[in-house]
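Per-entry structural report
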Amino acid sequence: MIYLDNAATSFPKPKQVYDTIMEAMTEYGANPGRSGHKLALKAGRGIYEARETIAEFFRVKDPMNIIFTHNATDSLNLAIKGILKSGDHVITTSMEHNSVLRPLMALKNKNIEVTIIDCDEQGLIDLKDIEKSIKKNTKMVITTHASNVTGSIMPIYNIGNIAKKHGILYMVDAAQTAGVYDIDVNKNIDLLAFPGHKSLLGPQGTGGLFIREGLELVQLKEGGTGSKSHELIQPLILPDRYESGTPNAPGIIGLGAGVKYIMNEGIENIRNHEVELTEHFIKELLKIDEVMIYGPKNIEKHAPVVSINIENQDSSEVSYLLDSMYNICTRPGLHCAPLAHKTIGTFEQGVVRFSLGLFNTHEEIDETVKAIRAIIKEL
């Protein structure tokens, strides 16, 4: 099998991740922070070590500013709904995932104004459009780091500079980049949402949110935290304020193992490998007249996500043929990003998305190109 659906979730994971999760499940699967016995303490230490590792990875000074969530969607909802209030204005882009757009649309009913900046047909943004969209009541700018449809990379540090200049918060959705591209939150990123199960190589059901020091969000839920149990109000200390309920200890500890793996391998080495695969794939696809490639052709602006169509063929049918006849896993359709597809003109047809990962090879790229050529002959 050739797995090219890493933008949905990375697979396989490093063996160290599987082993770490199983050890946490079978050797010390107690409830962290809720009991004083040695198994609970070991689980608690495992979570804290993961928090420290992730903080180091994103250049976060205080690990307590890393909040563990169930996924990036959870993180985005916490940040968006925890920050924005009636009368606020927020700026985002047409390349966003529904995990950004749907929370924002829900808040429009609460007197929150939303401006969606149209990107160009390659999914790239003009920074001047951000400056022109800023108003007196603008509270926050939210952008993806890279589109999950076209792989278009946003200039997040430039956007962060604009936000800082105007005294506006900036939040980054790093769903497609965390683990492959260097992210330094000290470069004017106030909030960073990331999934654990994609390029950070952790399991599903894990994710996180970085909250800048001094920035206060309204929590979305209250409950048991294992701290200040004598009080009936939610503790305000971080991370407890935003982490009510029993945490996914084996998953979080496994996520920590995934990030350690990346740090040991070297994120630059991982990025170079995935960029080389992407460049190889696009180069071969450009030789096929029947294939339409979406997104920037400049590899420096293109994350390891390649979306195509074969003439006017249904994207779901092409993806089905790749799976059923050639054992190649891809994702067709709209990818939970309808405005991105309207931006690039594929809202009706969708696209077939190939998302490359750490464990893919150049041989797999060649086999995939052969399969695409064979499908074209059959259609």
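Placed above this text is the structure.
What this report covers is the structure whose coordinates are included nearby. (Residues numbered from 1 in each chain as written. Predicted model: local features only at pLDDT ≥ 70, side-chain atom pairs only at ≥ 80, totals over all residues. Heavy atoms only, no water.)

With that out of the way, let us pick up the nonpolar core. The tendency in soluble globular proteins is for nonpolar side chains to be buried as a group. If you look at the biggest cluster of nonpolar residues, it comprises 54 residues, and the most contacted ones within it are Phe 58, Leu 192 and Leu 200. Ignoring any residue separated from it by four or fewer positions in sequence, one finds Phe 58 in contact with Ala 178, Ile 183, Asp 184, Val 185, Leu 192, Phe 194 and Leu 200. Listed in part, the 25 residues of the second largest apolar core include Ile 293, Ile 310, Leu 321 and Leu 322. (Core = buried A, V, L, I, M, F, W, Y, C linked by side-chain atoms within 4.5 Å. Buried < 20%, exposed > 50% of the residue type's maximum accessible area, 1.4 Å probe, protein only. Contact = heavy atoms within 4.5 Å.)

In this structure the tally under the stated criterion is five aromatic pairs. Between the aromatic rings of Tyr 3 and Phe 11, the centroid separation amounts to 5.5 Å while the plane-to-plane angle is 65 degrees, which identifies the pairing as edge-to-face. Between Tyr 261 and Phe 359, the aromatic rings sit 6.4 Å apart at their centres with planes inclined by 45 degrees, giving tilted as the arrangement. Pair noted here: Tyr 261 is in helix α7 (residues 249-265) and Phe 359 is in the loop between β13 (351-355) and α11 (362-378), with a separation of 98 residues, a long-range link. (Phe/Tyr/Trp six-rings, centres within 6.5 Å; stacked < 30°, edge-to-face > 60°. Helix = DSSP H or I, 4+ residues; strand = E, 2+ residues; numbered from the N terminus.)

For strand β6 (residues 169-173), the tally of buried residues reaches five of five residues, placing the bulk of the element in the interior. The parallel pair strand β5 (residues 138-144) and β6, bridged by helix α6 (residues 156-165), forms a crossover whose chirality is right-handed. Pairing between β6 and strand β7 (residues 191-195): three bridges, direction parallel. Its bridge partner lying in β7, Asp 173 is registered against Ala 193. (Right-handed = clockwise from strand over helix to strand, strands pointing away. Pairing = 2+ DSSP bridges.)

Looking now at α7. The terminal C-alpha atoms of α7, which comprises 17 residues, lie 24 Å apart, in line with the 24 Å expected from a rise of 1.5 Å per residue. The element α7 is extensively covered by neighbouring structure, given that 13 of its 17 residues are classed as buried. One side-chain oxygen of the residue at the start of α7 lies 3.0 Å from the amide nitrogen of Gly 251, identifying that residue as Asn 248. Where α7 terminates, the next one or two residues include Gly 266, which has phi positive at roughly 95 degrees. (Expected span 1.5 Å × (residues − 1). Polar contact = N/O pair within 3.5 Å; in protein donor to acceptor, adjacent residues only side chain to side chain.)

Strand order in the open sheet made by the four strands is β9-β10-β13-β12, with antiparallel pairing throughout. If you trace the sheet from one side to the other, it starts and ends with β9 (291-294) and β12 (331-333), each paired once. The average angle at which neighbouring strand axes cross in this sheet is 30 degrees, direction not considered. Of the pairings in the sheet, the one linking strand β10 (residues 305-310) to β13 comprises four bridges and is antiparallel in character. Within β13, the residue paired with Val 306 across the bridge is Phe 354. On the sheet, helix α8 (residues 267-285) packs against β9, β10 and β13 and is oriented at approximately 15 degrees with respect to β10. (Axes fitted to C-alpha atoms, helices over the stretch in contact; angles between N-to-C directions.)

With mixed pairing, seven strands are arranged side by side in an open sheet as β2-β8-β7-β6-β5-β3-β4. What marks the edges here is a single partner per strand, and that holds for β2 (66-69) and β4 (113-117). Across the sheet, the axes of successive neighbouring strands diverge by a mean angle of 20 degrees, strand direction being ignored. Helix α3 (residues 72-83) rests against β2, β5, β6, β7 and β8 (207-211) of the sheet, and its axis sits at about 155 degrees to β7.

The residue Thr 343 is located in helix α10 (residues 338-344) in this model. A distance of 2.9 Å separates a polar atom in the side chain of Thr 343 from a polar atom in the side chain of Ser 94. Looking at Thr 343, its side chain comes within polar contact range of the main-chain oxygen of Leu 339, at 2.8 Å. Sequence-distant contacts of Thr 343, that is, excluding residues within four places in its chain, are made with Ser 94, Met 95, Cys 119, Asp 120 and Glu 121.

Following the criterion strictly, the structure yields 12 salt bridges and no others. Ionic pairing is found between Arg 271 and Asp 182, a salt bridge with its closest N-O pair at 3.4 Å. Taken together, the residues Arg 271 in helix α8 and Asp 182 in the loop between β6 and β7 connect sequence positions 89 residues apart. Note on Arg 271: relative accessible area 16%, which makes it buried. For Asp 182, a relative accessible area of 34% corresponds to the partly exposed category. One salt bridge connects Arg 241 with Glu 216, and the closest N-O pair in it is separated by 3.6 Å. Of this pair, Arg 241 sits in the loop between β8 and α7 while Glu 216 sits in the loop between β8 and α7, placing them 25 residues apart in sequence. Classification of Arg 241 by relative accessible area gives buried; the value is 8%. (Salt bridge = Lys/Arg side-chain N within 4 Å of Asp/Glu carboxyl O.)

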